[in-house]
Amino acid sequence: MNRENIITALFNLVSASANFATASRRLQLWSSVSSSEKPAIFVTERGDTYARASEAVPEAVTIEADIYIYTDAGKDQSIVPASLLNPLIDAVDAALAPNPLTFVQTLGGLVSHCWIEGKILKDAGDLDGDGVAVIPVKILVPRS
């Protein structure tokens, strides 16, 4: 297992999924990302979980990551902020979709499966124009 290659593959896949002005693996506060740098995408690592079904079975590692998306609808009341954020979430969702033949997303063969799991936290920015979504991702890496 090479965590750096795995997270880099995830980052490359999702950052190319839409026309992001900023893409980084180093998270920034949305207040420090200017309007001209949005939409922005950030990929962060949250931790690893090791699991073993029995002593006879090799352990599996689940890497947990978060994808942050920032948008800027500004103060223009004619813009529905969610209409900027939703297509970007859809683009990430499509990028992480399983292969229709194998039914898994393997990040180019690096892992057994990579998928979105859990609640996507979303504040479209209705009050201040600054939208944010946090997409939870899990990556299964079996060990032999």
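Keep in mind it's a predicted model, so treat the numbers as computed, not measured. (Residues numbered from 1 in each chain as written. Predicted model: local features only at pLDDT ≥ 70, side-chain atom pairs only at ≥ 80, totals over all residues. Heavy atoms only, no water.)

Caption draft 1: Representation of the overall build of the protein within the structure. Each helix and strand counted, the protein has 2 helices and 6 strands in total. The secondary structure elements of the protein, listed N-terminal to C-terminal, are α-β-β-β-α-β-β-β. Once the C-alpha set of the protein is aligned to its principal axes, its extents read approximately 60 × 30 × 25 Å. In the protein, buried positions account for 38% of the 144 residues. Across the protein, the fraction of contacts at a sequence separation of at least 24, relative to all contacts at a separation of at least 6, is 58%. About 8,000 Å² of surface is accessible on the protein, with carbon and sulfur atoms providing 53% of the total. Looking at charge distribution, the protein has the averaged site of its 11 positive side-chain charges lying 5 Å from that of its 17 negative ones. (Helix = DSSP H or I, 4+ residues; strand = E, 2+ residues; numbered from the N terminus. Buried < 20%, exposed > 50% of the residue type's maximum accessible area, 1.4 Å probe, protein only. Contact = heavy atoms within 4.5 Å. Areas by Shrake-Rupley, 256 points an atom, 1.4 Å probe, with all protein chains shown as cover. Lys, Arg positive; Asp, Glu negative; His and termini not counted. Charge placed at Lys NZ, Arg CZ, Asp CG, Glu CD.)

Caption draft 2: Local environment of the nonpolar core. The biggest cluster of nonpolar side chains holds 28 residues, and the ones touching the most others in it are Leu 10, Ile 67, Ile 69 and Ile 139. Taken together, the elements giving at least two residues each to this core come down to α1 (3-15), β2 (40-51), β3 (60-72), α2 (82-95) and β6 (130-142). The leading source of residues in this core is α1, at 6 residues. If near-sequence neighbours (up to four positions away) are discounted, Ile 69 is found in contact with Phe 20, Ala 40, Ile 41, Leu 85, Leu 88, Ile 89, Val 92, Gly 131, Val 132, Ala 133 and Ile 135. Listed in part, the 7 residues of the second largest apolar core include Val 33, Ala 40, Tyr 68 and Val 134. (Core = buried A, V, L, I, M, F, W, Y, C linked by side-chain atoms within 4.5 Å.)

Caption draft 3: Spatial organisation of the side chain of Lys 38. Secondary-structure assignment places Lys 38 in the loop between β1 (22-24) and β2. Setting aside chain neighbours within four positions, we find Lys 38 in contact with Ala 21, Trp 30, Val 33, Tyr 70, Thr 71, Asp 72 and Asp 130.

Caption draft 4: Inspection of the packing of aromatic side chains at higher detail. Overall, the coordinates contain 2 aromatic pairs when judged by the stated rule. When the centroid spacing of 6.2 Å and the interplanar angle of 75° are considered together, the rings of Trp 30 and Tyr 70 count as edge-to-face. Linking Trp 30 in the loop between β1 and β2 with Tyr 70 in strand β3, this pair joins segments that are 40 residues apart in sequence. In this structure Trp 30 comes out as partly exposed when scored by relative accessible area, which is 43%. On the accessibility criterion, Tyr 70 (2% relative accessible area) is buried. Ring centres 5.2 Å apart and planes at 50° place the aromatic pair Phe 42 and Tyr 70 in the tilted group. In this pair, Phe 42 sits in strand β2 while Tyr 70 sits in strand β3, placing the two residues 28 residues apart along the sequence. (Phe/Tyr/Trp six-rings, centres within 6.5 Å; stacked < 30°, edge-to-face > 60°.)

Caption draft 5: Molecular detail of the pattern of salt bridges. Scanning the entire structure with this criterion turns up 7 salt bridges. Among the salt bridges present, the one from Asp 130 reaches Lys 38, with a minimum N-O distance of 3.2 Å. Of this pair, Asp 130 sits in strand β6 while Lys 38 sits in the loop between β1 and β2, placing them 92 residues apart in sequence. Under the relative-accessibility criterion, Asp 130 is labelled partly exposed at 23%. Lys 138 is paired through a salt bridge with Glu 117; the nearest N and O atoms lie 3.2 Å apart. (Salt bridge = Lys/Arg side-chain N within 4 Å of Asp/Glu carboxyl O.)

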